[in-house]
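Spelled out from the first residue to the last, the chains are:
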Amino acid sequence: MSKAAAAIAALRAGRPVTVGSLTVVPVETATDALLAELDPDSRSPLLLSGARAAAIGLGNQREAASTLAPVLVERSDWLTTGKIRELVDPAWDFARFVEGPLRSLPVADPEAALGALTLSRLAGLVPAFWLLDTPAALALKSSEATSAARPRTVAIAARAILPVEGLEVPTQIVAMRAEEDGSEHVALVIGAPGGKPPLVRLHSECLTGDVFGSLKCDCGPQLNAALRLMEAEGSGILLYLRQEGRGIGLANKIRAYALQDRGLDTVEANRRLGFGDDERDFALAAAMLRALGVEAVRLLTNNPAKIEGLAAAGIAVTRVPHHLPANPHNADYLATKKAKSGHLD
Ligand SMILES: Nc1nc2c(ncn2[C@@H]2O[C@H](COP(=O)(O)OP(=O)(O)OP(=O)(O)O)[C@@H](O)[C@H]2O)c(=O)[nH]1
Ligand SMILES: [Zn+2]
């Protein structure tokens, strides 16, 4: 496991990490008990992404003027641990006015701060930290954190026959493990793809749509329709990628949904949380296809980023459109993907 992957695991578990000259612990996962130990006087300043600092009205202060640069916020008596937990969570933006005054401070080591924020995004945490004085047991260079990327190398871990309702064609499930972080991803191999490029669907995990039948997105129907098309053709490959919420993680996707309840669209909600519109990359999907011996695919998708991602990794792609009928709950979501994320007709 890479050092960055170990740091991501530590941050998820609420443990501090030293990046360059900065020691940080995530606001989201650090327990009150740990904070009482690490910061007994509650003086630790708060490290935020530039986007989040702008969203809470710090954009007019010189230290926070660029929305790309991380921002440090000074502690004051009224800015308690509980207030900070509220401040970093956009769900609270609509429940109250941002209190103040908030004062930003210069960031002593901007590259380290950017690195720490990169790790928190990859960890699926709200990008916000307490800055601590004492170095942590786990330390990495700023460059190791800023260059941290999603996993891109896989090995097959196990395979077995899997009977699936509605599929008459023999189907196998293949479990793969990413070498960089140990995350598990799955390929469903339907029939015996071979000869011409197989029909392939890259499906990003969507717990709400895949399991509960959420109407907010089109994931469940797209998954089912892909399997039906592969069954009709006699073969195909579905990759189930653990990229919940377009790579922002489950808790953050639910936060994005809460923001959508307040009228933001899917893209605005991601940005408000301090993420890009889409945090996925498809290098791992390309590696999974290679592990199955596939170099060329007919890809069921409307998302140009999937086509470009596979092509960049050397997989030959022909697109097959994959539209499902809209419902009243997901019509705006589908329209936003077209208008703002370049989704194809
Ligand atoms: N952040 C965020 N993720 C969402 C939202 N709605 C659905 N998702 C996630 O978006 C992903 C859906 O991805 P895909 O099914 O691959 O769809 P796509 O990128 O639109 O591409 P194609 O369906 O192939 O055209 C899943 O990981 C869902 O969990 C949302 O409002 N916000
Ligand atoms: Zn979905």
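Residues numbered from 1 in each chain as written. Chains lettered and ligands numbered in written order. Predicted model: local features only at pLDDT ≥ 70, side-chain atom pairs only at ≥ 80, totals over all residues. Heavy atoms only, no water.

> Can you help me understand the site of ligand 1 in this one?
Around ligand 1 there are 24 residues in total, and Arg 201, Arg 280, Thr 301, Lys 306 and Lys 337 lie nearest to it. A distance of 3.0 Å separates an oxygen atom of ligand 1 from a polar atom in the side chain of Glu 244. Contacts to ligand 1 include Asn 270, whose side-chain N or O atom sits 2.9 Å from a nitrogen atom. Burial of ligand 1 by the surrounding chains reaches 99%, relative to a free accessible area of 660 Å². When residues of the shell around ligand 1 are assigned to their parent elements, the largest contribution, three residues, is made by helix H9 (residues 250-261). Partitioned by chemical class, the residues of the shell around ligand 1 number five nonpolar, eleven polar and eight charged. (Near = heavy atom within 4 Å. Polar contact = N/O pair within 3.5 Å; in protein donor to acceptor, adjacent residues only side chain to side chain. Areas by Shrake-Rupley, 256 points an atom, 1.4 Å probe, with all protein chains shown as cover. Helix = DSSP H or I, 4+ residues; strand = E, 2+ residues; numbered from the N terminus. Nonpolar A, V, L, I, M, F, W, Y, C, P; charged D, E, K, R; others polar.)

> Teacher, can you tell me more about the UniProt feature "domain: GTP cyclohydrolase II" (unreviewed entry) in the chain here?
Mapped onto the present numbering, the UniProt feature "domain: GTP cyclohydrolase II" (unreviewed entry) falls at residues 171-319. Secondary structure within residues 171-319 divides into 38% helix and 24% strand; the distance between the first and last C-alpha atoms comes to 23 Å. (UniProt positions renumbered as here; feature names shortened; annotations may be inferred.)

> For this particular structure, what's the right way to read the sheet that holds strand S9 (residues 171-178)?
By way of backbone hydrogen bonds, the strands of a sheet pair with one another, either parallel or antiparallel. Overall, mixed pairing links the seven strands, which are arranged S8-S9-S10-S12-S11-S13-S14 in an open sheet. Only two strands of the sheet have a single neighbouring strand rather than two, namely strand S8 (154-161) and strand S14 (316-320). Shown here is a sheet whose adjacent strand axes are inclined to one another by a mean of 25°, direction ignored. Where strand S13 (residues 296-300) lies against S14, five bridges are found, and the strand directions are parallel. Each residue of the ladder has a partner; that of Val 297, found in S14, is Val 317. Packing of helix H8 (residues 219-233) onto the sheet brings it into contact with strand S10 (184-190), strand S11 (199-204), strand S12 (236-241) and S13, and relative to S11 it is tilted by some 160°. (Pairing = 2+ DSSP bridges. Axes fitted to C-alpha atoms, helices over the stretch in contact; angles between N-to-C directions. Contact = heavy atoms within 4.5 Å.)

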